[in-house]
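Read off the chains here:
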Amino acid sequence: MKIRLTNELAYFIGLWKSRPSPKGLGISCSGEASEIFIHETLALKLIEPSKILVEGNSVHFFHTAYKNFFEKVVREQLEIFHSKNKKAASYLAGFFDGCGGISEQGGVFIAKATPSDEMLLERLGFRTIHLHGKVFVLKPREFTEFIKPFMKHSIKNYLP
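Here's what I pulled together on the structure shown here.

Rules of the game
- Residues numbered from 1 in each chain as written.
- Predicted model: local features only at pLDDT ≥ 70, side-chain atom pairs only at ≥ 80, totals over all residues.
- Heavy atoms only, no water.
- Pairing = 2+ DSSP bridges.
- Helix = DSSP H or I, 4+ residues; strand = E, 2+ residues; numbered from the N terminus.
- Axes fitted to C-alpha atoms, helices over the stretch in contact; angles between N-to-C directions.
- Contact = heavy atoms within 4.5 Å.
- Expected span 1.5 Å × (residues − 1).
- Buried < 20%, exposed > 50% of the residue type's maximum accessible area, 1.4 Å probe, protein only.
- Arc of directions from axis to C-beta.
- Salt bridge = Lys/Arg side-chain N within 4 Å of Asp/Glu carboxyl O.
- Parallel < 35°, antiparallel > 145°, perpendicular 65-115°, else oblique.
- Nonpolar A, V, L, I, M, F, W, Y, C, P; charged D, E, K, R; others polar.

Bringing the sheet that holds strand E2 (residues 53-55) into the picture now. Sheet strands pair by backbone hydrogen bonding; their relative direction is either parallel or antiparallel. The strand order across the open sheet built from 3 strands is E1-E3-E2, with neighbouring strands paired in antiparallel fashion. Since the sheet does not close on itself, it has two edges, and those belong to strand E1 (25-28) and E2, each with one partner. Direction aside, neighbouring strands of the sheet carry axes that sit 15° apart on average. Note: E1 against strand E3 (residues 58-61), 4 bridges, orientation antiparallel. Along E3, the bridge assignment pairs Gly26 with His60.

Structure (structure tokens):
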């Protein structure tokens, strides 16, 4: 089975990376993000609908080939998403849909960003600052214009 990284799959990997479930390939959260995860799983035809498991606030399925591929993409994200293109925008949109937000002052942030994620943002030209355990993008309009066409979460309606 040869898995190709498409824009849609890049979005899905970004969403998965933001809130990975402890079991299988899934996310741990409730609400809109889990609905998006289920919808995208079905749209991408990653697995049969009957194989998707919902347990508490976790939605997941088991597929070793996809899990290994997703882990490889996350591990090599700096090399894979090295330029501003649709794949990078899709990946960041999925990640933002999973753990991004808007502060009361209108700042755009990513809550669960690792140092590698910060470096990815910086390499793509988005200057960041780390405050209160969150990574804020210094020019939020530029960032949101880059990812907004690929976002699926309703938060996109509130972005600057």
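Structure shown, so let's carry the discussion forward.
As summarised here, the arrangement of the 4 strands in space is E4-E5-E7-E6, forming an open sheet in which the pairing is antiparallel. Where the open sheet ends on each side, the last strands, each with one partner, are strand E4 (100-102) and strand E6 (128-131). Strand after strand, the sheet turns through a mean of 30° between neighbouring axes, direction not considered. In the packing of helix H6 (residues 115-123) onto the sheet, contacts are made with strand E5 (108-110), E6 and strand E7 (134-137), and the angle to E6 comes to roughly 150°. Relative to E5, helix H7 (residues 140-147) is tilted by about 65°, and along the sheet it contacts E5 and E7.

The next thing to look at is helix H3 (residues 64-75). Relative to the 16 Å expected for 12 residues at 1.5 Å per residue, H3 spans 16 Å between its end C-alpha atoms, a close match to the ideal helical length. Along H3, the positions that sit buried rather than exposed are Tyr66, Phe69, Phe70 and Val73. The arc enclosing the buried residues of H3, seen along the axis, measures out at 100°, which places them on a common side. The exposed set on the far side of H3, more than 90 degrees from its buried face, consists of Thr64 and Arg75. The inward-facing, buried residues of H3 contact helix H1 (7-18), E1 and helix H4 (77-80).

On to the pattern of salt bridges. Charged atoms that come close allow side chains of opposite charge to pair. Scanning all chains against the criterion turns up 3 salt bridges. In this structure, Asp117 and Lys17 form a salt bridge, with 2.9 Å as the shortest nitrogen-oxygen distance. Linking Asp117 in helix H6 with Lys17 in helix H1, this pair joins segments that are 100 residues apart in sequence. For Lys17, a relative accessible area of 14% corresponds to the buried category. Close ionic contact of Glu122 with Arg127 constitutes a salt bridge, the shortest N to O distance being 2.6 Å. For Arg127, a relative accessible area of 47% puts it in the partly exposed group.

A pair of packed helices can be characterised by two numbers: the angle between their axes and the separation between those axes. Where helix H5 (residues 86-99) contacts H7, the two axes come as close as 8 Å, and the packing angle between them is 105°. In terms of orientation, H5 lies roughly perpendicular with respect to H7. Where H5 approaches H7, its residues Ala88, Ala89, Leu92, Ala93 and Phe96 are matched on the opposing element by Phe143, Phe146 and Ile147. In terms of residue class, the contact of H5 with H7 is built from 8 nonpolar, no polar and no charged.

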